[in-house]
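The residues making up each chain are set out below.
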Amino acid sequence: MISLLGSIIEAASLSGLTFIIKDVIDKVFIEKDLEKLKLIVFLILGLALLKQFGFILKEYLFPLSLAKVVKNLREEIFHKIINADFSAFFGKKHGDIISRATNDIEAFRNSMIFLGIDFFTQSFTVVAMIFVLIYMDWKLFLIFLFATPLFVVSFNYFGEKRKKYSKKVQESAAEYTQFLNQVISGLETVKLFRKDFILSVFRKINETFFKNQRKNALYDVFFLSSIEIASYFAATGIILYGGIRIIEGEITTGSLFSFLSALLILVNSIQILQRGLLQVKVVTPIIERIQYILNLPQEKEEGLEFQTLKNSIKYQNVSLKIENHYLLKDVNVEIKRGLKVGIVGHTGSGKSSFVKLLYGIYRDYKGEIYLDEIELRQYNLASIRNKVAVISQDVFIFNDTVENNLKIVKPDATEEEIVQALKKAKADFVFKHKDGIKMMVGERGSSLSGGERQRIAIARIFLKNPEIVIIDEGTSALDVETEKYVMEEIYSHFSDKTLLIVAHRLKTLERCDKILFFENGKLIKEGTVKDLNL
Ligand SMILES: Nc1ncnc2c1ncn2[C@@H]1O[C@H](COP(=O)(O)OP(=O)(O)O)[C@@H](O)[C@H]1O
Ligand SMILES: [Mg+2]
């Protein structure tokens, strides 16, 4: 609001200045009045300083409040992303989401800065100048009015074009971010591919990006220029008609100069204002792109608290379908509490999907999954996830110390607990490092080997106090010896918990009470290792 006040002060002082021009010319220069000159000079200085005061208020306070809005927006977007239902991400490019959360927010901020700073000041200036002009000389003002249809036509035509291309620019930016993101995260592998092919893909993206920006700039300049041209015609008419009236003695020279300077300010303001209004048009597709994230389907937070598993996990006619493709079909099984269950089957047979259902990755499955007679979907998801520990092939490691990478599952874990967990996971590399648990691991754990990353993931489950432990090929990157050691630790540490182990090496499953055999999304056999002749 104060920044708005700044805009008003600025516009009002500017109108005052245009009025003074009349007196400067008529009273001072033509009548040669020295006393008037002294007075007017101070008046001009005063008004100019007042205008700057308004300018400073506006230029500082508006960006400041906008920065606060954007800060909150970023936080809200982050919330929406981490609470998003997984189904929202199926088939989506992650780079696109990242781009919406970065490039689009930045574009939004720029548009708003432009809007907030120029839009209000210029609106006030336009209104003030129109009054000034009408008051000064309404007949001259009528000439100016003839140019308005041109302003309207140019605004509509170029506005649509600019809207279209600014949307395309944002899409190109997203594509660029997406591609760069992919290449950088897989650089080791990318280096093995044909460089000319990757370069050609990149060049195509970059070229489109450039073309969209070029069109955007082109329509912007055409738009501004069309307004100027329209105003040249108006000004020519005014000088002609005004000149005739001066010659005939109807008006003073000062009034025409006053009028012209007010007119110049008006045209300049209209130009900036139209650009601002255009920015409103342009910002709508950007806002839509941001809104897409704000509207991502969210996981529900309500529901029953899951505490402990007392009796069993029961899948009843469970089917899971994504876009006409069955990941699981009619699965029926009961897993008693404390049982150690092995899960086997060919790649793509549905093993991971089967276990992922338990921690709420897929919510729109058919059939029921009961945890102690209560359907999974009635529980509060977070409470289930607190009680499920998972080691899978994808290990999430963020750019921080080993210690913090473990605290992510238990923020108040003591150093002793962390060391114990790492020992159980046979993460000896940490103790060999000079920084110990303060050792830094690169982004996505890039400074660690596959086996080392997996050990971090394994150490995490020892810090949790889970009811259900899921190992989805989570020891596959370990050597046979270490895998055996770690599995022993897991079996003994979680001896009374329910264990689900997806594995290819059958040796890992020797101690399982029960084996589930999947094929094409169906549970086709279940029994002991002996029963199934594995
Ligand atoms: N998010 C998904 N969207 C579509 N299809 C998927 C998705 N996740 C897995 N699939 C497909 O479902 C099938 C089963 O996958 P998965 O359960 O991961 O198999 P497994 O763990 O036994 O190798 C595979 O054909 C896989 O391509
Ligand atoms: Mg799998």
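Scroll up to find the structure.
Basis of the calculations
Residues numbered from 1 in each chain as written. Chains lettered and ligands numbered in written order. Predicted model: local features only at pLDDT ≥ 70, side-chain atom pairs only at ≥ 80, totals over all residues. Heavy atoms only, no water. Helix = DSSP H or I, 4+ residues; strand = E, 2+ residues; numbered from the N terminus. Rg over C-alpha atoms; globule rule 2.2 N^0.38 Å. Buried < 20%, exposed > 50% of the residue type's maximum accessible area, 1.4 Å probe, protein only. Contact = heavy atoms within 4.5 Å. Areas by Shrake-Rupley, 256 points an atom, 1.4 Å probe, with all protein chains shown as cover. Lys, Arg positive; Asp, Glu negative; His and termini not counted. Charge placed at Lys NZ, Arg CZ, Asp CG, Glu CD. Near = heavy atom within 4 Å. Polar contact = N/O pair within 3.5 Å; in protein donor to acceptor, adjacent residues only side chain to side chain. Nonpolar A, V, L, I, M, F, W, Y, C, P; charged D, E, K, R; others polar. Pairing = 2+ DSSP bridges. Axes fitted to C-alpha atoms, helices over the stretch in contact; angles between N-to-C directions. Parallel < 35°, antiparallel > 145°, perpendicular 65-115°, else oblique. Left-handed = near helix turned anticlockwise from the far one by under 90°.

Any chance you could break down the overall build of the protein chain for me, citing the residues and the numbers?
Each helix and strand counted, the protein chain has 15 helices and 12 strands in total. For 534 residues, the compact-globule estimate of 2.2 N^0.38 gives 24 Å, and the C-alpha radius of gyration of the protein chain, at 35 Å, exceeds that figure by more than 25%. Overall size of the protein chain, expressed as C-alpha extent along the three principal axes, is 115 × 50 × 50 Å. Here the protein chain holds 534 residues, and 46% of them are scored as buried. Counting contacts in the protein chain only where the partners sit at least 6 residues apart, residues at least 24 apart contribute 77% of the total. A total of about 28500 Å² of accessible surface is found on the protein chain, and carbon and sulfur atoms cover 60% of it. Computing the positive centroid from 71 side-chain charges and the negative centroid from 63, the protein chain places the two 3 Å apart.

Could you give an account of the site of ligand 1, naming the residues involved and the relevant values?
In the region of ligand 1, 13 residues are neighbours, and Gly 348, Gly 350, Lys 351, Ser 352 and Ser 353 sit closest. Within the contact set of ligand 1, an oxygen atom lies 2.5 Å away from a side-chain nitrogen or oxygen of Ser 353. In isolation ligand 1 has 560 Å² of accessible area, and contact with the protein removes 66% of it. Taken together, the elements giving at least two residues each to the shell around ligand 1 come down to strand 2 (325–336) and helix 9 (351–356). Here the shell around ligand 1 takes 3 residues from helix 9, the largest share from any one element. For the shell around ligand 1, a count of residues per class yields 4 nonpolar, 8 polar and 1 charged.

Please set out the pairing of strand 12 (residues 522–527) residue by residue, giving values where relevant.
The pairing of strand 11 (residues 514–519) with strand 12 spans 5 bridges and is antiparallel. Bridge pairing in strand 12 places Ile 515 opposite Gly 527. Count of turn residues in the strand 11/strand 12 antiparallel hairpin: 2 residues, of which Asn 520 carries a positive phi of about 50°.

Could you give me a rundown of the packing of helix 3 (residues 94–136) against helix 5 (residues 148–185), with the residues and numbers involved?
Here helix 3 crosses helix 5 at 130°, and the two axes come no closer than 8 Å. With respect to helix 5, the axis of helix 3 lies oblique. Note on packing geometry: the crossing formed by helix 3 with helix 5 is right-handed. Along its contact with helix 3, which presents His 94, Gly 95, Asp 96, Ile 98, Ser 99, Asn 103, Asp 104 and Ala 107, the element helix 5 presents Gln 170, Ala 173, Ala 174, Thr 177, Gln 178 and Asn 181.

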